[in-house]
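Now for the letters of each chain:
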Amino acid sequence: DPQQIELTTASKRKLRRFIVIDEVVDKLYGSKVREYFEENNVQHKILALPTTEETKSMDLVLNILHEVQNFSLDRRTEPIIAIGGGVCLDIVGLAASLYRRRTPYIRVPTTLLSYVDASVGAKNGVNFLQCKNKLGGYTPPVASFLDRSFIQSIPRRHISNGLGEILKMALMKHKGLFDLLKNHGKYLLDTKFQSCNGFADHGDAALQTTRIAIETMLEELAPNLWEDDLDRLVDFGHLISPELEMRVLPSLMHGEAVNVDMAFMTYVAHARGLLDAEEKEQILQCMRGLELPVWHSGCSWALIQRALQERLKHSGGQPRMPLPTGLGVAEIFNDTSEETLERAYELWVRD
């Protein structure tokens, strides 16, 4: 905004920014980030932290807040900037929401998962008592800056991990997105979601895939930002996965745990007659093509029962189970019997 630039340059007060960056991202891009702030004559403090599921705690939030206080941040004019994956964005979002009751913050996602998931919406949080995101709030960022060039430096498995959340939106809401993943999945993994010239047969699959994933996510989240309505298609893959992910840390990443959950729920949909055998197989083949796990030994019948009981506690006494009713279409069900779930589980184990 030219007016803002004019005000900023006319002001005698030096621009100041407090940045929290994941320590791995800092090793890769920290020098460029510092160079950017120095060239723009911005006084800055960069706090590099280990942001993983294992460190995603209130201790790390308090660590950030101590540094913010020492920096004497002005919450009206100096947004906190978070640069990292979903865990980093969640932790910083919670810290910002607590400091002076609410301090603006900016999300800069650096992984595919955070690009299409954590960068969108209002939620933030940390793990507590071995429960995923048990403490948190709803404080949206003032902006999310999306730059796919960050994704080129992450390992292939992390790209596959992000594809799990993209596939969730495809199965729930968008057959075209499902077809993109089915037809271009290996190419997206190979090219790490970079837009490459000279691949006319693929078009700009990376741009199309991420754009549709974010647009469909926003369609679901925007009218229900504070989750007043508990019937949420975006909960697909998130009924069993929170319990599974925390139980088997660090063997499964978030998107992988979500995909194991989605694979089981695909069998549930088939057992209910919502998907035919060919549709079920197409979904599983797409998952394998995206190099996502369709099974994990930690996902026992006892764990599934426990996770679904936990679900009832926090969803108004109803399971509110999103299930695909075809490719790219879905509904929410409250009447799936234990017998159907057990039959689906036995078929899943057998396969």
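Residues numbered from 1 in each chain as written. Predicted model: local features only at pLDDT ≥ 70, side-chain atom pairs only at ≥ 80, totals over all residues. Heavy atoms only, no water.

Named according to an unreviewed UniProt entry, the protein chain is ARO1 protein originating from Edolisoma coerulescens. The heading Cofactor (unreviewed entry) in the UniProt record of the protein chain holds the text "NAD(+)". (UniProt positions renumbered as here; feature names shortened; annotations may be inferred.)

Once the domains are mapped, the protein chain shows domain 1 (2-152) and domain 2 (155-224 + 232-350). Domain 1 and domain 2 are separated by 28 Å when their C-alpha centres are compared. Contacts between domain 1 and domain 2 engage 20 residues on the former and 28 residues on the latter. Between domain 1 and domain 2, the buried area comes to about 2000 Å², and carbon and sulfur atoms account for 67% of it. Of all residues in domain 1, L112, L113 and R148 give up the largest surface area on contact with domain 2, accounting jointly for 31% of the area buried on that side. Linking domain 1 to domain 2 there are two salt bridges. E310 serves as the salt-bridge partner of K134, at 3.6 Å between the closest nitrogen and oxygen. Run the count over domain 1 and domain 2 and you get four residue pairs in polar contact (both at pLDDT 80 or more). Residue assignment for the side of domain 1 that touches domain 2 shows that the elements contributing at least two residues are α5 (112-118), β5 (123-128) and β6 (131-138). (Domains from an automatic or database assignment. Contact = heavy atoms within 4.5 Å. Buried area = accessible area lost by both parts, 1.4 Å probe. Salt bridge = Lys/Arg side-chain N within 4 Å of Asp/Glu carboxyl O. Polar contact = N/O pair within 3.5 Å; in protein donor to acceptor, adjacent residues only side chain to side chain. Helix = DSSP H or I, 4+ residues; strand = E, 2+ residues; numbered from the N terminus.)

Once that is clear, we can look at the packing of helix α3 (residues 58-71) against helix α4 (residues 86-98). Contact pair α3 / α4: the axes reach a minimum separation of 9 Å and the direction vectors enclose 55°. In terms of orientation, α3 lies oblique with respect to α4. Two packed elements cross with a definite hand, and for α3 against α4 that hand is right-handed. The residues of α4 that touch α3, namely those facing M58, L60, V61, I64 and L65, are I91, V92, L94, A95 and L98. (Axes fitted to C-alpha atoms, helices over the stretch in contact; angles between N-to-C directions. Parallel < 35°, antiparallel > 145°, perpendicular 65-115°, else oblique. Left-handed = near helix turned anticlockwise from the far one by under 90°.)

On the surface, E338, E339, E342 and E346 cluster together to form a negatively charged patch. Tracing the chain through its elements places E342 in helix α13 (residues 338-350). We classify E342 as partly exposed; its relative accessible area is 33%. (Patch = residues over 30% accessible without salt bridge, like charges linked within 9 Å, V, L, I, M, F, W, Y side chains within 5 Å. Areas by Shrake-Rupley, 256 points an atom, 1.4 Å probe, with all protein chains shown as cover. Lys, Arg positive; Asp, Glu negative; His and termini not counted. Charge placed at Lys NZ, Arg CZ, Asp CG, Glu CD. Buried < 20%, exposed > 50% of the residue type's maximum accessible area, 1.4 Å probe, protein only.)

Turning our eyes to something else, we now look at the pairing of strand β1 (residues 16-22). The element β1 is extensively covered by neighbouring structure, given that seven of its seven residues are classed as buried. Alternating residues of β1 divide into R16, F18, V20 and D22 and R17, I19 and I21, and every residue in both groups is buried. Running through helix α2 (residues 23-39), the crossover from β1 to the neighbouring parallel element strand β2 (residues 43-49) is right-handed. (Right-handed = clockwise from strand over helix to strand, strands pointing away.)

Right, let's talk about the pairing of β6 for a bit. Both faces of the sheet carry side chains from a regular strand, because those side chains alternate between them. Bridging between β5 and β6 involves five bridges; their strand directions are antiparallel. Note that in β6 the partner of K123 across the bridge is Y138. (Pairing = 2+ DSSP bridges.)

Moving on to the sheet that holds β1. In space, the five strands of this open sheet follow the order β2-β1-β3-β4-β7, with parallel pairing throughout. For this open sheet the edge positions go to β2 and β7 (143-144), each flanked by a neighbour on one side alone. Summarising the sheet, β1 and β2 pair through seven bridges and their orientation is parallel. Looking at the pairing, V20 lines up with L47 of β2. Packing of α2 onto the sheet brings it into contact with β1, β2 and β3 (80-84), and relative to β1 it is tilted by some 160°. α4 contacts β1, β3 and β4 (105-109) of the sheet and is inclined by roughly 165° relative to β3.

A few words on the pattern of salt bridges. Inspection of every chain in the model, using the stated rule, returns 28 salt bridges. For the salt bridge of E281 with R288, the shortest nitrogen-to-oxygen distance reads 3.5 Å. You can call E281 partly exposed: its relative accessible area is 34%. Here D351 makes a salt bridge to R350, at a shortest N to O gap of 2.9 Å. Each of K123, E227, R232, D235 and R311 takes part in salt bridges that share partners, so that together they form one network.

Moving on, we come to the UniProt feature "domain: 3-dehydroquinate synthase N-terminal" (unreviewed entry) in the protein chain. When the UniProt feature table is mapped onto this chain numbering, "domain: 3-dehydroquinate synthase N-terminal" (unreviewed entry) sits at residues 48-160. As annotated, residues 48-160 comprises 35% helix and 25% strand, and the C-alpha atoms at either end are separated by 25 Å.

At a closest axis distance of 9 Å, the pairing of helix α6 (residues 156-173) and helix α8 (residues 205-221) adopts a crossing angle of 65°. Of the two elements, α6 crosses α8, and the hand of that crossing is left-handed. Across the interface between the two elements, I166, K168, M169 and K173 from α6 touch T209, A213, T216, M217, E219 and E220 from α8. A breakdown of the residues in the contact of α6 with α8 according to their chemical character gives four nonpolar, two polar and four charged. (Nonpolar A, V, L, I, M, F, W, Y, C, P; charged D, E, K, R; others polar.)

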